[in-house]
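In case you want the letters, here they are:
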Amino acid sequence: MEFLAQILSYPFARRAIIAGLLLSVSAALLGVNLVLKRFSMLGDGLSHVSFGAAAIGLAAGVAPLQFSIPIVIIAAFLLLRIRQNSKINGDAAIAIVSSSALAVGITVATLTTGMNTDINSYMFGSILALTKSDVIITALCGSIIIAIYVLFYQKIFAISFDEDFAAVTGVKYKWYNSITAILTAVTVVIGMRIMGALLISSIITFPALSSMRICKHYKCTVIAAAIISVVAFLLGLTLSFLFDLPAGAAVVLCNLAVFLILSVVGKIKKI
């Protein structure tokens with residue numbers, strides 16, 4: 001309790017906890033849908049785009065988060081359209097877009113401000129860099145994402161398993177796919193400050209994969225993914241304080257540990 005009180009005594013820690021919890025739940029909810037649709041690499045591709053957009057925003061002297069959100073949403077629509085209508089494989093399209101965006105970001109940063117502390121905080125994450133405005137944006141966007149997911153839960157459930165059947169029953173699956181893409185784009189951008197562009201995709205995929213080791217039903221998987229994501233974040237944040245580790249890396253390692261443990265538990269249950 002003393003250690004918890006010590007952590008909460010720091011304003012940046014309180015900001016990180018508030019933003020991180022909302023981010024963890026949002027990412028986990030979207031991750032289940034993306035993993036089931038075999039489109040989990042979307043988060044990774046968009047994270048590289050978000051870094052490129054943030055680098056351009058910093059170079060132009062505008063707020064990186066506000067500048068990145070519309071750019072990443074456009075990229076999400078582009079990748080979704082390529083996946084649905086193009087002869088290019090979805091994973092190949094993500095690889096092309098993500099590597100190109102990362103190259104643009106590094107080039108712009110090198111030619112303007114250089115690879116300074118601000119750029120590194122967007123690439124690798126930094127809870128110390130979180131401002132009150134960042135927390136407000138994260139809280140607002142995270143709350144909207146969770147509310148939309150709950151509101152359209154049945155529709156998202158339907159398109160997660162069979163888009164053709166969902167279309168026959170009257171569900172406009174392309175519209176809901178677009179909503180998912182937008183929400184994923186926003187989640188990636190708001191999570192960039194905490195996790196970093198290179199690690200944010202992990203909290204989208206890991207909790208979903210971990211929950212699938214032990215759950216067989218969709219609702220159970222969604223709830224378990226949200227709980228796992230929150231627990232892994234809090235553990236990672238605690239470890240980062242105790243051992244002076246980067247928060248993003250610590251959270252990913254905790255997610256990895258949970259995944260390995262639940263994989264073993266899942267195999268034991270099948271015996």
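It should be noted that the structure appears before, not after, this text.
Please read these numbers as outputs of a predicted model, since none were measured by experiment.

S.K.: Whenever I open this one, the overall build of the protein confuses me. Can you help?
M.R.: For the protein, the count of helices and strands is 13 helices and 0 strands. Ordered by position in the sequence, the α and β elements of the protein form the string α-α-α-α-α-α-α-α-α-α-α-α-α. Here the C-alpha atoms of the protein give a radius of gyration of 18 Å, agreeing with the 18 Å that 2.2 N^0.38 yields for 271 residues. Looking at the protein residue by residue over its 271 residues, the buried ones come to 50%. Restricting the contact set of the protein to residue pairs at least 6 apart, pairs at least 24 apart contribute 77%. Split by element, the accessible area of the protein, about 12,900 Å² in all, is 70% carbon and sulfur. In the protein, which carries 18 positive and 9 negative side-chain charges, the distance between the mean positions of the two groups comes to 9 Å.

S.K.: Quick question: what am I supposed to make of a positive patch on the surface here?
M.R.: A contiguous patch of positive charge on the surface is contributed by R213, K216, K267, K269 and K270. Counting residues per element, the positive patch draws most heavily on helix α13 (residues 247-270), at 3 residues. Structurally, the position occupied by K216 is in the loop between α11 (202-214) and α12 (218-243). Of the residues examined, K216 reaches a relative accessible area of 81% and is grouped as exposed.

S.K.: I would appreciate a short explanation of the packing of α12 against α13 in the present structure.
M.R.: To describe two helices that pack against each other, one gives the angle between their axes and the distance between the axes. Interhelical geometry of α12 versus α13 gives an angle of 130 degrees and a closest axis separation of 7 Å. Of the possible angle classes, the one that applies to α12 and α13 is oblique. Considering the relative orientation of α12 and α13, their crossing is right-handed. Contacts between α12 and α13 involve I228, A232, F233, L235, G236, L237, L239 and S240 from the former and A247, A250, V251, C254, N255, V258 and L262 from the latter. Residue composition of the contact of α12 with α13, grouped by class: 12 nonpolar, 3 polar and no charged.

S.K.: Is there a simple way to think about the side chain of T187 in this case?
M.R.: By secondary structure assignment, the location of T187 is in helix α10 (residues 173-195). Beyond its immediate sequence surroundings of up to four residues, T187 is in contact with L23, S26, A27, L30, I145 and I200.

S.K.: Which parts of the structure should I look at to understand helix α3 (residues 41-60)?
M.R.: A turn of α-helix holds 3.6 residues, and therefore any two residues three or four places apart point the same way. Here α3 contains 20 residues, and its C-alpha end-to-end distance of 29 Å stays within 8% of the 28 Å for a straight helix at 1.5 Å per residue. Burial of α3 is extensive: 15 of the 20 residues sit out of reach of the surface.

S.K.: Honestly, α13 in this entry has me stumped. Any pointers?
M.R.: For α13, built from 24 residues, the straight-helix expectation of 34 Å at 1.5 Å per residue is met to within 8% by its first-to-last C-alpha distance of 35 Å. Buried residues of α13: A247, G248, A250, V251, V252, C254, N255, V258, L262, S263 and G266, and no others. The inward-facing, buried residues of α13 contact α10, α11 and α12.

S.K.: Can you walk me through the nonpolar core in this structure?
M.R.: Generally speaking, soluble globular proteins have nonpolar side chains that are buried together. Of all hydrophobic cores here, the largest spans 64 residues; its most connected members are L46, I194 and M195. Sorting elements by how many residues they give to this core places α10 first, with 12 residues. Once residues within four sequence positions are removed from consideration, M195 is found in contact with L23, F124, G125, I200, S202, I203, G248, V251 and V252. Counting residues in hydrophobic clusters, the runner-up holds 11 residues, among them A28, V32, I156 and A225.

S.K.: Explain unusual backbone geometry here, please?
M.R.: Across the chain, the bulk of peptide bonds are trans and the bulk of non-glycine residues have phi less than zero. The phi dihedral of D244 is positive, around 55 degrees, even though this residue is not glycine. Positionally, D244 belongs in the loop between α12 and α13.

About the thresholds
Residues numbered from 1 in each chain as written. Predicted model: local features only at pLDDT ≥ 70, side-chain atom pairs only at ≥ 80, totals over all residues. Heavy atoms only, no water. Helix = DSSP H or I, 4+ residues; strand = E, 2+ residues; numbered from the N terminus. Rg over C-alpha atoms; globule rule 2.2 N^0.38 Å. Buried < 20%, exposed > 50% of the residue type's maximum accessible area, 1.4 Å probe, protein only. Contact = heavy atoms within 4.5 Å. Areas by Shrake-Rupley, 256 points an atom, 1.4 Å probe, with all protein chains shown as cover. Lys, Arg positive; Asp, Glu negative; His and termini not counted. Charge placed at Lys NZ, Arg CZ, Asp CG, Glu CD. Patch = residues over 30% accessible without salt bridge, like charges linked within 9 Å, V, L, I, M, F, W, Y side chains within 5 Å. Salt bridge = Lys/Arg side-chain N within 4 Å of Asp/Glu carboxyl O. Axes fitted to C-alpha atoms, helices over the stretch in contact; angles between N-to-C directions. Parallel < 35°, antiparallel > 145°, perpendicular 65-115°, else oblique. Left-handed = near helix turned anticlockwise from the far one by under 90°. Nonpolar A, V, L, I, M, F, W, Y, C, P; charged D, E, K, R; others polar. Expected span 1.5 Å × (residues − 1). Core = buried A, V, L, I, M, F, W, Y, C linked by side-chain atoms within 4.5 Å.

So far we have only geometry, and geometry alone does not tell us how the molecule works.
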